[in-house]
Amino acid sequence: MSYANMQLGGESGQYLKLNDGVTKCRIISESIPVWVAFNRAEKTSKKFLREVDAVEYNRTADKDSQAKRKFALWTIDRTDGVMKLAEFGVSIMKQIQTLALDEDYKFSDIPGFDIKIVREGQGMETTYTVTPSPMSALTSEEQLAVVDLQPVADFLKGQSNVVAEILRDEKGNVIPF
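The sections below set out a description of the structure shown in this document. Here the structure is a predicted model, which is why all the values come from computation and not from measurement.

Here is what the cut-offs are and how they apply
- Residues numbered from 1 in each chain as written.
- Predicted model: local features only at pLDDT ≥ 70, side-chain atom pairs only at ≥ 80, totals over all residues.
- Heavy atoms only, no water.
- Salt bridge = Lys/Arg side-chain N within 4 Å of Asp/Glu carboxyl O.
- Helix = DSSP H or I, 4+ residues; strand = E, 2+ residues; numbered from the N terminus.
- Buried < 20%, exposed > 50% of the residue type's maximum accessible area, 1.4 Å probe, protein only.
- Phe/Tyr/Trp six-rings, centres within 6.5 Å; stacked < 30°, edge-to-face > 60°.
- Pairing = 2+ DSSP bridges.
- 1 Å grid on protein atoms, 1.4 Å probe; cavity = no way out; pocket = protein on both sides within 12 Å on 5 of 7 lines; lining within 4 Å.
- Points joined across faces, edges and corners; volume = space filled by probe spheres on them.
- Nonpolar A, V, L, I, M, F, W, Y, C, P; charged D, E, K, R; others polar.
- Core = buried A, V, L, I, M, F, W, Y, C linked by side-chain atoms within 4.5 Å.
- Contact = heavy atoms within 4.5 Å.

A few words now on the pattern of salt bridges. Summed over the entire model, instances satisfying the criterion amount to nine salt bridges. Here K47 and E87 are joined by a salt bridge, their closest N and O atoms 2.7 Å apart. One end of the pair, K47, is in strand β3 (residues 44-48); the other, E87, is in strand β5 (residues 82-88), and 40 residues separate them in sequence. Residue classification places K47 among the buried residues on the basis of a relative accessible area of 5%. Notably, a salt bridge pairs R50 with D53, separated by 2.8 Å at the nearest N-O pair. Several salt bridges converge on common partners, so that one network encompasses R26, R78, D114 and E142.

Listed below in structure tokens is the structure:
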């Protein structure tokens, strides 16, 4: 998905975590939309790769556990140099899109610079600010690793909490998760 033209509207160690303060990372893949539903009481999540399945899930889900759209993409976590999957919400993606359209940072698919994401606040009061670092090339080691990356959708399909599509019985009723 092109960032400039974007329509906005596993295991924990494999995911980029945005802690309070600054997280520096490098985006190394295009993003795909994914819908994430959290069950706060059970501390579990479900992810949907198709909007139609998220809409179906939301029809019967509690208001607090509705699936919300995020964007999944591969990053390099500059804290430890490990490639991790990030799931950014619309507020972060709008700022990345702004950079994609900016005369000084313009890019279509993958930016040629690291970004810093500042997380402040808690709960519904959390805000994120994205700022670019100066343009820089990936190291030769990073370039080789990017070539071997599994596509985001394929990685997600291998996760136990991901629903590739809603399952139905022979009468067309949704089979519970």
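Moving on: the packing of aromatic side chains. Taken as a whole, this structure holds five aromatic pairs when the rule is applied. Here F48 and Y57 contribute two aromatic rings whose centre-to-centre distance is 5.0 Å and whose plane-to-plane angle is 40°, an arrangement assigned as tilted. Y57 carries the same exposure label as F48, and that label is buried. Taking 5.2 Å as the distance between ring centres and 70° as the angle between the ring planes, the aromatic pair formed by Y105 and F113 counts as edge-to-face. For Y105, a relative accessible area of 23% puts it in the partly exposed group.

Let us now look at unusual backbone geometry. What you tend to see is this: most non-glycine residues have negative phi, and most peptide bonds are trans. Of note in the backbone geometry, K43 takes a positive phi value of approximately 55° without being a glycine. Note on placement: K43 falls in the loop between β2 (32-39) and β3. Assessed through its relative accessible area of 76%, K43 is described here as exposed.

Attention shifts here to the pairing of β2. With five bridges joining them, β2 and strand β4 (residues 68-77) adopt antiparallel strand pairing. Looking at the pairing, V34 lines up with K70 of β4. Pairing of β2 with β3, which is carried by five bridges, proceeds in the antiparallel orientation. Looking across to β3, one finds that V36 is bridged to K47. Turn length for the β2-β3 hairpin, with the two strands adjacent in sequence and antiparallel, is four residues, and the turn residue K43 shows positive phi of about 55°.

In this structure, the second largest pocket encloses a volume near 270 Å³. If you go around the second largest pocket, you meet 15 residues; those closest to its centre are F38, N39, T44, Y57 and S65. Elements with a minimum of two residues in the lining of the second largest pocket: β2, β3 and α1 (51-60). Tallied by class, the residues present in the lining of the second largest pocket amount to five nonpolar, five polar and five charged.

Soluble, globular proteins show a tendency: their nonpolar side chains are buried together. Counting 19 residues, the largest nonpolar core has F88, I92, I96, I115, I117 and V130 as the members making the most contacts within it. Counting residues per element, the ones that place at least two in this core are β1 (21-27), β4, β5, α2 (90-101) and β6 (113-120). Once residues lying within four places of it in the same chain are set aside, the contact partners of V130 are I92, Q95, I96, L99, I115, K116 and I117. Grouped together as the second largest cluster of nonpolar side chains are 14 residues, I28, V36, W74 and I76 included.

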